[in-house]
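Coordinate analysis (summary)
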Amino acid sequence: GSKVHFWATINEPKTVANMGYGTGAHAPGIQSTSAPLFAAHNMLLAHAAAAKVYHEKFRATQNGAVTLVVNCDWREPQNPNSPED
């Protein structure tokens, strides 16, 4: 709208796919090696469909942007002076 210019369609799809459909730690609690791939695929299709609608119908008048919220994990070596870490 006139006040909201940044839209997020899906929050942390990697976490949803891996934790919900891989390890089963999050809802819906499915443990599978292939289900995370299907879940991620469908989330990307859903994001693309929503973004397409926004760009075609609202972007010209609202001048906004559509994205998904991507998380990233930070890793540090246990011993920064060790080449093995």
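Scroll up to find the structure this text is about.
Report follows, based on the coordinates. The written sequence of each chain sets the order in which its residues are numbered from 1. Given that the model is predicted, a residue must reach a pLDDT of at least 70 before its local features are reported, and side-chain atom pairs must reach 80 or more before they are shown or counted; all residues, however, enter totals for whole chains, interfaces and linings. Think of the side-chain values as coming from all heavy atoms in the structure, minus any hydrogens and water.

Let's talk about the overall build of the protein
Helix and strand assignments come from DSSP, with helices taken as H or I runs of at least 4 residues and strands as E runs of at least 2, each series counted from the N terminus. Each helix and strand in the protein was counted, giving three helices and two strands. Along the protein, from the amino end to the carboxyl end, the secondary structure elements read β-α-α-α-β. Relative accessibility under 20% of the residue-type maximum defines a buried residue, over 50% an exposed one, and the middle range a partly exposed one, all with a 1.4 Å probe and only protein chains included. Looking at the protein as a whole, 21% of its 85 residues qualify as buried. Every residue pair with non-hydrogen atoms within 4.5 Å of one another is taken to be in contact. Taking contacts inside the protein between residues at least 6 apart in sequence as the whole, the part at least 24 apart equals 46%. Each accessible area is a Shrake-Rupley estimate made with a 1.4 Å probe; only the visible protein chains count as cover when residues are assessed. Accessible surface, the protein: about 6600 Å² in total, of which carbon and sulfur atoms supply 59%. The sign given to each residue is positive for Lys and Arg and negative for Asp and Glu; His and the chain ends receive no count. Here the site of a charge means atom NZ of a Lys, CZ of an Arg, CG of an Asp or CD of a Glu. Side-chain charges in the protein split into 6 positive and 6 negative, and the spacing between the mean points of these groups amounts to 22 Å.

Describing the nonpolar core
In terms of nonpolar packing, the biggest core is built from five residues, these being Ile10, Ala17, Ala39, Met43 and Leu68. For Ala17, the contacting residues outside a window of four places in its chain are Gly22, Pro36, Ala39, Ala40 and Met43. Residues enter a nonpolar core if they are buried and are Ala, Val, Leu, Ile, Met, Phe, Trp, Tyr or Cys, with the set joined through side-chain atoms within 4.5 Å.

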